[in-house]
There are 2 protein chains.
Amino acid sequence: MSARQYAALPDPFAMYRGGVLRGARIAWESWGQLNQAKDNTILLFTGLSPSAHAAASPADPTPGWWDEILGPGLAIDTQRHFVVAVNSLGSCFGSTGPASTDPATGKAYRLDFPELAVEDIASGGYEVLRALGIERAHTVIGPSLGGMVVLAFAARHPGAARRLVSISGSLGSAPFAVALRSLQREAILADPAWQAGQYAPEAPPRTGLRLARKLGTITYRSAGEWDLRFGRERIPGAPHEANSFAPEFQVESYLEAQAEKFVTAFDANCYLYLSRAMDRFELEALPPHCVERALVIGVTTDILFPVTDQRRIAATLERSGAATELVEMPSIEGHDAFLVDIPRFSDAIGTFLRAS
Amino acid sequence: MSARQYAALPDPFAMYRGGVLRGARIAWESWGQLNQAKDNTILLFTGLSPSAHAAASPADPTPGWWDEILGPGLAIDTQRHFVVAVNSLGSCFGSTGPASTDPATGKAYRLDFPELAVEDIASGGYEVLRALGIERAHTVIGPSLGGMVVLAFAARHPGAARRLVSISGSLGSAPFAVALRSLQREAILADPAWQAGQYAPEAPPRTGLRLARKLGTITYRSAGEWDLRFGRERIPGAPHEANSFAPEFQVESYLEAQAEKFVTAFDANCYLYLSRAMDRFELEALPPHCVERALVIGVTTDILFPVTDQRRIAATLERSGAATELVEMPSIEGHDAFLVDIPRFSDAIGTFLRAS
């Protein structure tokens, strides 16, 4: 069962930094109903790795990645809003990306995919709105990479959303975040199975992807959360040998589980393109009045998209003329808090969406 | 030219968690003169990767890793003190470790080296004191891994040092630090060149060591320092291509340089043993009056050995009866601040050593 739908991109679709895509498409899912005025749409962009399946629905009752935020009566209230979540251009869950077939050759693009920019992902979402006949979204919202995308959306398509919610995003990543992503990519590139991007889909660079995901997982959370969650607890029955370097602590077992899930789900070349797009994203200013109101949420324990990034976003939105609210959340869960600290995020997002 | 000297360990040398070493030795260097009362010795343990060459000397004028702290008139004043730095047992700069020859087989130990504990490193340093006829050190001091070793030293050899300085150490690493070290080890284990530890010395697992070192470098510093130091500066002339994942930002170039230096210097199996020893180290309490006075230094921006670890160390020392001073430094350089924030560290260490 799938709730996935598709919107064709204009053909050709010009990429932000050069090159075109032919016959490209964006996968999306929706919840709630578009009202007659067509002014109740919430456009949702995702972080680097999720699909458009943000929440369960009758068409696809499997759990989504934001089930506790998005639904009837929840912060993103599907009784009031028509919510459209998109799979990022360049990703591998239905939208066109490096793992998709290049119609010009009949083979997967792999490294022949043109350069991907965060702006392209924004335009991909914009085209979904157009395909649905929606001129203006009520709100565009996104966490992490999505928090960058919504800013690119406002920059490239001013007026296409009245409100904006950027969660743990950035106008240009700090060198600490760039370094971590560089290392994640290097782990993939260094895996002999990567084969300069020419791996068979059934033989991906598992080792590289595992390392990349584990590093991601470490930096998506916070030391303080893990102190409470894992402490120095051992894996029951784990052998303690002189020369064993196998997982021995519970935290290692947790990383294992995260890595295993990811390796079977995500394409390595797509990961490389999306990761690089995040590094290269840089936005100095926003067009005047590109959105009317904005909410910027950051988490004080986020080491990847620190609150300093959030303050810059808020100041830049404010300068563009948007009535901007900045929330610095003291959540203990770090960058991933939007997935975990549901009470705080529900409160901030729900209050913002209702006040209109 | 080398200033390196060697002290034989008792033969056999019983390891803390089982197994023995035969014909083992510890490499050490010294500065200053032992006084007649033999009460002016400072015993210095290192972090995970340095050698005993902490400072330049007439016998080896090449730069040491703590040249600005250790020398005539400096914080660790070699005009007052006889300073002895040791290469950790299990390391590869002269002391016996997994890369050394096992006299029983005539071949390198590799993974047949017995389990290494932080306590063994401490006892290695203690045996150097004994070999030099020194009953009691004036002070035992160590940063990072060395900050753990000095605590193990106090626990295993109470009274063998009058004072203790633990810099950015721990009584038991937090899961965040364990996770990062686990990932560093996995990068080495996953490198096909590692060959289950049986690589030839001239063909080490370079890829794994590079990744491990880069990850270390990222976590040894702080995001704030890198904002100031690198910002979003690009490498001049770096190609900007759609599918290039080569280094493009200055921070990536810095990581490259760090990794290259390390790969040619450090043995992979030694790294694995030392890294695992750090994970497994756990000390609940210290013997009564094992030292008289203690200085515990932590850095507020350290994400690997956070100030919470330092507070626990200070409380544990205090409970043992040591007059303990805790300094939480606001240095921006993170875990590595002891190598960089020379004014603050000179002041704290110098003041402590002079007040006796």
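Residues numbered from 1 in each chain as written. Chains lettered and ligands numbered in written order. Predicted model: local features only at pLDDT ≥ 70, side-chain atom pairs only at ≥ 80, totals over all residues. Heavy atoms only, no water.

## Focus: the overall build of chain A
For step 1, the next point in the chain: Summing up its helical and strand segments, chain A has 10 helices and 14 strands in all.
For step 2, the next point in the chain: Computed over C-alpha atoms, the radius of gyration of chain A comes to 20 Å, within 12% of the 21 Å expected from 2.2 N^0.38 for 356 residues, which places it in the range of a compact globule.
For step 3, the next point in the chain: Its C-alpha atoms give chain A principal-axis dimensions of roughly 70 × 50 × 40 Å.
For step 4, the next point in the chain: Within chain A, residue pairs in contact and separated by at least 24 positions form 72% of the contacts whose partners lie at least 6 positions apart.
For step 5, the next point in the chain: As displayed, chain A offers around 12700 Å² of accessible surface, 52% of which is attributable to carbon and sulfur atoms. (Helix = DSSP H or I, 4+ residues; strand = E, 2+ residues; numbered from the N terminus. Rg over C-alpha atoms; globule rule 2.2 N^0.38 Å. Contact = heavy atoms within 4.5 Å. Areas by Shrake-Rupley, 256 points an atom, 1.4 Å probe, with all protein chains shown as cover.)

## Details of the interface of chain A and chain B
For step 1, the next point in the chain: Between chain A and chain B, the residue contacts involve 56 residues of the former and 55 residues of the latter.
For step 2, the next point in the chain: Counting across the chain A and chain B interface gives 16 salt bridges.
For step 3, the next point in the chain: Across the pair Arg 232 of chain B and Glu 282 of chain A runs a salt bridge, and its minimum N-O distance is 2.4 Å.
For step 4, the next point in the chain: Linking chain A with chain B are 24 residue pairs in polar contact (both at pLDDT 80 or more), by the criterion used here.
For step 5, the next point in the chain: At 11 residues, the largest contribution of residues to the side of chain A that touches chain B is made by helix H3 (residues 175-189) of chain A. (Salt bridge = Lys/Arg side-chain N within 4 Å of Asp/Glu carboxyl O. Polar contact = N/O pair within 3.5 Å; in protein donor to acceptor, adjacent residues only side chain to side chain.)

## What to know about the relation of the copies chain A and chain B
For step 1, the next point in the chain: Between chain A and chain B, which share one sequence, the superposing operator has a rotation angle of 180° and an axial displacement of 0.0 Å; the RMSD is 0.0 Å. These values place the two chain copies in the arrangement generated by a two-fold rotation axis.
For step 2, the next point in the chain: A shared binding surface is used by both copies, with 98% of the interface residues of chain A retained as interface residues in chain B. (Least-squares fit on C-alpha atoms with pLDDT ≥ 70 in both.)

## Regarding the pairing of strand E8 (residues 82-86) of chain A
Residues and elements named next belong to chain A.
For step 1, the next point in the chain: Of all five residues in E8, five are buried, a share of seventy percent or more.
For step 2, the next point in the chain: With burial as the criterion, each face of E8 is covered, one bearing Phe 82, Val 84 and Val 86 and the other bearing Val 83 and Ala 85.
For step 3, the next point in the chain: Relative to E8, strand E4 (residues 25-31) is paired through four bridges, and the arrangement is antiparallel. By the bridge assignment for E8, Glu 29 is matched with Ala 85.
For step 4, the next point in the chain: The pairing of strand E5 (residues 41-44) with E8 spans four bridges and is classified as parallel. Bridge assignment links Thr 41 to a residue of E8, and that residue is Phe 82. (Buried < 20%, exposed > 50% of the residue type's maximum accessible area, 1.4 Å probe, protein only. Pairing = 2+ DSSP bridges.)

## As for the state of the cysteines
Residues and elements named next belong to chain B.
For step 1, the next point in the chain: This model, assessed by the stated rule, comprises zero disulfides over all chains.
For step 2, the next point in the chain: Not engaged in a disulfide, the cysteine Cys 92 finds its nearest cysteine sulfur in Cys 270; these two sulfurs lie 4.5 Å apart.
For step 3, the next point in the chain: Residue classification places Cys 92 among the partly exposed residues on the basis of a relative accessible area of 22%.
For step 4, the next point in the chain: For Cys 270, a relative accessible area of 0% puts it in the buried group. (Disulfide = S-S within 2.5 Å.)

## Re the sheet that holds strand E12 (residues 161-167) of chain B
Backbone hydrogen bonds are what pair the strands of a sheet, in a parallel or an antiparallel way.
Residues and elements named next belong to chain B.
For step 1, the next point in the chain: Overall, mixed pairing links the eight strands, which are arranged E1-E4-E8-E5-E11-E12-E13-E14 in an open sheet. For this open sheet the edge positions go to strand E1 (5-8) and strand E14 (323-329), each flanked by a neighbour on one side alone. Each adjacent strand pair in this sheet contributes to an overall mean axis angle of 20°, direction not counted.
For step 2, the next point in the chain: In the packing of helix H8 (residues 307-319) onto the sheet, the strands contacted are E12, strand E13 (293-299) and E14, and the crossing angle to E13 comes to about 170°.
For step 3, the next point in the chain: On top of the sheet, helix H10 (residues 342-354) reaches strand E5 (41-44), strand E11 (137-143), E12, E13 and E14; it is set at about 175° to E13, its chief contact. (Axes fitted to C-alpha atoms, helices over the stretch in contact; angles between N-to-C directions.)

## Quick notes on the domain arrangement of chain A
Residue and element names in this part refer to chain A.
For step 1, the next point in the chain: Segmentation of chain A into domains returns domain 1 (5-171 + 283-354) and domain 2 (176-276).
For step 2, the next point in the chain: Computed over C-alpha atoms only, the centres of domain 1 and domain 2 are separated by 25 Å.
For step 3, the next point in the chain: Contacts between the two partners involve 30 residues from domain 1 and, on the opposite side, 27 residues from domain 2.
For step 4, the next point in the chain: Buried surface at the junction of domain 1 and domain 2, summed over both partners, amounts to about 2300 Å²; 68% is from carbon and sulfur atoms. (Domains from an automatic or database assignment. Buried area = accessible area lost by both parts, 1.4 Å probe.)

## So, the side chain of Ser 91 of chain A
Residues and elements named next belong to chain A.
For step 1, the next point in the chain: Within the secondary structure, Ser 91 sits in the loop between E8 and strand E9 (101-102).
For step 2, the next point in the chain: A distance of 3.1 Å separates a polar atom in the side chain of Ser 91 from a polar atom in the side chain of Asn 87.
For step 3, the next point in the chain: In contact with Ser 91, not counting residues within four places along its chain, are Thr 96, Gly 97, Phe 266, Cys 270 and Leu 274.

## Focus: the packing of aromatic side chains
Residue and element names in this part refer to chain A.
For step 1, the next point in the chain: Here the structure, examined in full by the defined rule, presents 30 aromatic pairs over all chains.
For step 2, the next point in the chain: Ring centres 6.3 Å apart and planes at 65° place the aromatic pair Tyr 126 and Phe 153 in the edge-to-face group. Placement of Tyr 126 in helix H1 (residues 118-131) and of Phe 153 in helix H2 (residues 145-156) is noted, with a sequence separation of 27 residues between them.
For step 3, the next point in the chain: Judged by relative accessible area, which is 18%, Tyr 126 ranks as buried.
For step 4, the next point in the chain: Looking at Phe 153, the relative accessible area reads 1%, which means it is buried.
For step 5, the next point in the chain: Grouping aromatic residues by their ring pairs yields a cluster made of Phe 93, Phe 262, Phe 266 and Tyr 271. (Phe/Tyr/Trp six-rings, centres within 6.5 Å; stacked < 30°, edge-to-face > 60°.)

## A look at unusual backbone geometry
For step 1, the next point in the chain: Each neighbour pair has its own omega, and for Asp 11 of chain A with Pro 12 of chain A the value is 5°, a cis peptide bond.
For step 2, the next point in the chain: Considering the arrangement of structural elements, one finds Pro 12 of chain A in the loop between strand E1 (5-8) and strand E2 (13-14).
For step 3, the next point in the chain: Notably, Ser 144 of chain B is not glycine yet its phi reads approximately 60°, a positive angle.
For step 4, the next point in the chain: Topologically, Ser 144 of chain B is positioned in the loop between E11 and helix H2 (145-156).
For step 5, the next point in the chain: In this model, Ala 196 of chain B sits at a positive phi of 50°, which is unusual for a non-glycine residue.
For step 6, the next point in the chain: Assignment of secondary structure puts Ala 196 of chain B in the loop between helix H3 (175-189) and helix H4 (206-220).

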